[in-house]
Structure formats: structure tokens, C-alpha cells
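Now for the letters of each chain:
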Amino acid sequence: MLGLDPGYRHETGPDGGWHVRRIPAWRAVKDYTCPGCGRTIPPGLAHLVAWRSDSILGDEAAGAERRHWHPKCWSTRRQDGRY
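All of these numbers come straight from a predicted model, not from anything done at the bench.

What counts, and where the lines are drawn
Residues numbered from 1 in each chain as written. Predicted model: local features only at pLDDT ≥ 70, side-chain atom pairs only at ≥ 80, totals over all residues. Heavy atoms only, no water. Core = buried A, V, L, I, M, F, W, Y, C linked by side-chain atoms within 4.5 Å. Buried < 20%, exposed > 50% of the residue type's maximum accessible area, 1.4 Å probe, protein only. Helix = DSSP H or I, 4+ residues; strand = E, 2+ residues; numbered from the N terminus. Contact = heavy atoms within 4.5 Å. Phe/Tyr/Trp six-rings, centres within 6.5 Å; stacked < 30°, edge-to-face > 60°. Lys NZ or Arg CZ within 6 Å of the ring centre and 35° of its normal.

Asks: Got a minute to help me understand the nonpolar core in this structure?
Replies: Considering soluble globular proteins, one finds that nonpolar side chains tend to be buried as a cluster. Within the largest apolar cluster, ten residues are counted, these being Trp18, Val20, Tyr32, Cys34, Ile41, Leu48, Ala50, Trp69, Cys73 and Trp74. Residue assignment for this core shows that the elements contributing at least two residues are β2 (16–23), β5 (47–52) and α2 (71–75). Those residues in contact with Ala50 that lie beyond four places of it in its chain are Trp18, His19, Val20, Arg66, Arg67, Trp69 and Trp74.

Here it is, written out as C-alpha cells:
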């Protein structure tokens, strides 16, 4: 089903595989904390949700660990497997 979501993409990099989904402003309905900068992503601000696609614990566990990111923070994140 993720492949049918126009806001979804899969990324692979030095830090592994990731499911990434764009969240448009109209769907951003609560505060989140960006793990990249530690600042709040307020309601109404478009952002990204990312979770591992290569977790040894499986997709369900990886989905439970998903995080909301500012797009700039996601694109400049550390590439060593840590946020």
C-alpha cells in the first residue's frame, strides 16, 4: 500500500534503508519534535515521517519508532545510523 501513496518514497543511504512519507500541512494536526534539531514541528507545517525499512525487528517495530522531521533536517541528518 505504501507504493500507492504519492507522498511516499523509499531511500537508501549510508545509514540504511528508510521509508519516507511527506505530510502535507493540512494533515499535520499536532506538535512533534524533530530528532534532527530538537525543535517543535507545529500543527499546520508540512514535514516528513521516516522509519527504517531494514530493521532486524521487522516492519511493525520499525513503524512504531517512526519520527517526524523537518525536511531540511532530514536531508542533512547524520549518515552513521544515529539521528
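Asks: What's the story with the packing of aromatic side chains in this structure? I'm lost.
Replies: Note on aromatic pairs: each is described by the distance of the centres and the angle between the planes. If you walk through the whole model with that rule in mind, you get two aromatic pairs. Where Trp18 meets Trp74, the ring centres are 5.2 Å apart and the plane angle is 80 degrees; that geometry is what we call edge-to-face. Highlighted residues: Trp18 in strand β2 and Trp74 in helix α2, separated in sequence by 56 residues. There is no split in this pair, since Trp18 and Trp74 are both buried. With a centroid separation of 5.2 Å and an interplanar angle of 75 degrees, the aromatic rings of Trp69 and Trp74 are classed as edge-to-face. Side by side, Trp69 and Trp74 carry an identical accessibility label, which is buried. Every member of this aromatic cluster is reached through a ring pair, and the members are Trp18, Trp69 and Trp74. One cation-aromatic arrangement involves Arg77 over Trp74; the distance from NZ or CZ to the ring centre is 3.6 Å.

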